[in-house]
Amino acid sequence: MPQNNAQIPVYILTGFLGSGKTTLLNRLLSNDKGWKFAVVENEIGAIGIDQELIKSQDEFLIELNNGCICCNVRDDVQLALQKLTEKKGEFDYLIIEATGAANPLKLGEIFLGHNRLTETFRLHSIITMVDCQHLPINWKREEDAFFDQIKFANQLILNKADNCQKPLAEIEVDLRQLNPLAHMVRTNFADVDLQQLLDFNAYDLSLLEGELDNHKKGHRHQHGLDVVCLETEGIVNPSLFEEFLNYHYAFWPEQIIRTKGILNFFNQPQKVLFQGVYQSFDFDLGDPWEEEPINKIVFIGHDLVRETLEKGFQNCLLD
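These remarks concern the structure in this document. Remember, it's a predicted structure, so these values are computed and weren't measured experimentally. (Residues numbered from 1 in each chain as written. Predicted model: local features only at pLDDT ≥ 70, side-chain atom pairs only at ≥ 80, totals over all residues. Heavy atoms only, no water.)

Things to note about a nonpolar patch on the surface
Taken together, the side chains of Ile-235, Phe-266 and Leu-318 define a hydrophobic patch exposed on the protein surface, amounting to about 270 Å² of accessible area. With respect to the helices, strands and loops of the structure, Phe-266 is situated in the loop between strand E9 (256-263) and strand E10 (270-277). (Patch = residues over 30% accessible without salt bridge, like charges linked within 9 Å, V, L, I, M, F, W, Y side chains within 5 Å. Areas by Shrake-Rupley, 256 points an atom, 1.4 Å probe, with all protein chains shown as cover. Salt bridge = Lys/Arg side-chain N within 4 Å of Asp/Glu carboxyl O. Helix = DSSP H or I, 4+ residues; strand = E, 2+ residues; numbered from the N terminus.)

A word on the packing of aromatic side chains
Evaluated as defined, the whole model comprises 22 aromatic pairs. Seen in terms of ring centroids, Phe-16 and Phe-146 are 5.8 Å apart; in terms of plane orientation they differ by 80°. Their pairing is edge-to-face. With Phe-16 in the loop between strand E1 (8-15) and helix H1 (21-29) and Phe-146 in helix H7 (residues 144-151), this pair connects stretches of sequence that are 130 residues apart. The same class applies to Phe-16 as to Phe-146, namely buried. Relative to Phe-146, the ring of Trp-139 lies with its centre 6.0 Å away and its plane at 75°, an arrangement referred to as edge-to-face. Trp-139 sits in the partly exposed class, given a relative accessible area of 25%. The buried category is assigned to Phe-146, whose relative accessible area is 5%. (Phe/Tyr/Trp six-rings, centres within 6.5 Å; stacked < 30°, edge-to-face > 60°. Buried < 20%, exposed > 50% of the residue type's maximum accessible area, 1.4 Å probe, protein only.)

Regarding the pattern of salt bridges
Inspection of every chain in the model, using the stated rule, returns seven salt bridges. Across the pair Lys-140 and Glu-254 runs a salt bridge whose closest N-O atoms are separated by 3.4 Å. On the criterion of sequence distance, the pair formed by Lys-140 in helix H6 (residues 135-141) and Glu-254 in the loop between helix H11 (238-251) and E9 is long-range, its members being 114 residues apart. For Glu-254, a relative accessible area of 35% gives the class partly exposed. In this structure, the salt-bridge partner of Asp-174 is Lys-166, at a minimum N-O distance of 2.7 Å.

Pasting the structure below:
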């Protein structure tokens, strides 16, 4: 555990859409070691979903919405870090959970040079979650963010290892072509040795400097993703909602990459937390509704038609 007068270790937690970042974050926040974390968490959409999915230590959770953390809200990240410098000594580690479309290289740049932030914080690790189950389709898409997240990590967590569509050994060979030096761990449900994760050798910042020079020459952060955010009152019919999902996944199996939401299901006093990756989805129960129930759902993918998704979701609501 860091000493009070030492720099606070920073962990950039990244990984493509639906890879298991929040699951790993929750494991860290639920630790039984007494570790205290500050979290800066970013979502692409204009409405916040992840704050319901994160088992937070509320006073140290800062959420940034409606922009990619490495571009649109990067200044907000720096402001959040400045605010956290005033809390030094009250937490042991800082985790920055980036969106699934973020390039960690630009975040790492914050921790280069000598300034008030780098006096307080030091980049210790870039941890990338790799979704082994959907690796072939993500690889085929050739998204810049997907490859950058792998390339610039010093720890690669091979998640959903039991659901791979190709042998893990072959996946590791593919990943080594992009990043020959990163430490790799195979796991399911982001179940890793947390002590080892936090104690792993600190990130070599000199590696970032050369990459940044190359990256700036040709960088155009165009992840090409559509984000559709829906927010509406009403009571959701669970059966109709599942039919709605199955219909869209059947006709557009690769267009909708990531879905997540907070839903007000019929005859259910608790919030229903919904997450999906491609055609796989599941539900969980959150806290009881204390405020007026509002359904919130986010779709992330390619060539999404807002009107179609909005009409389909409206048809799931009870009259």
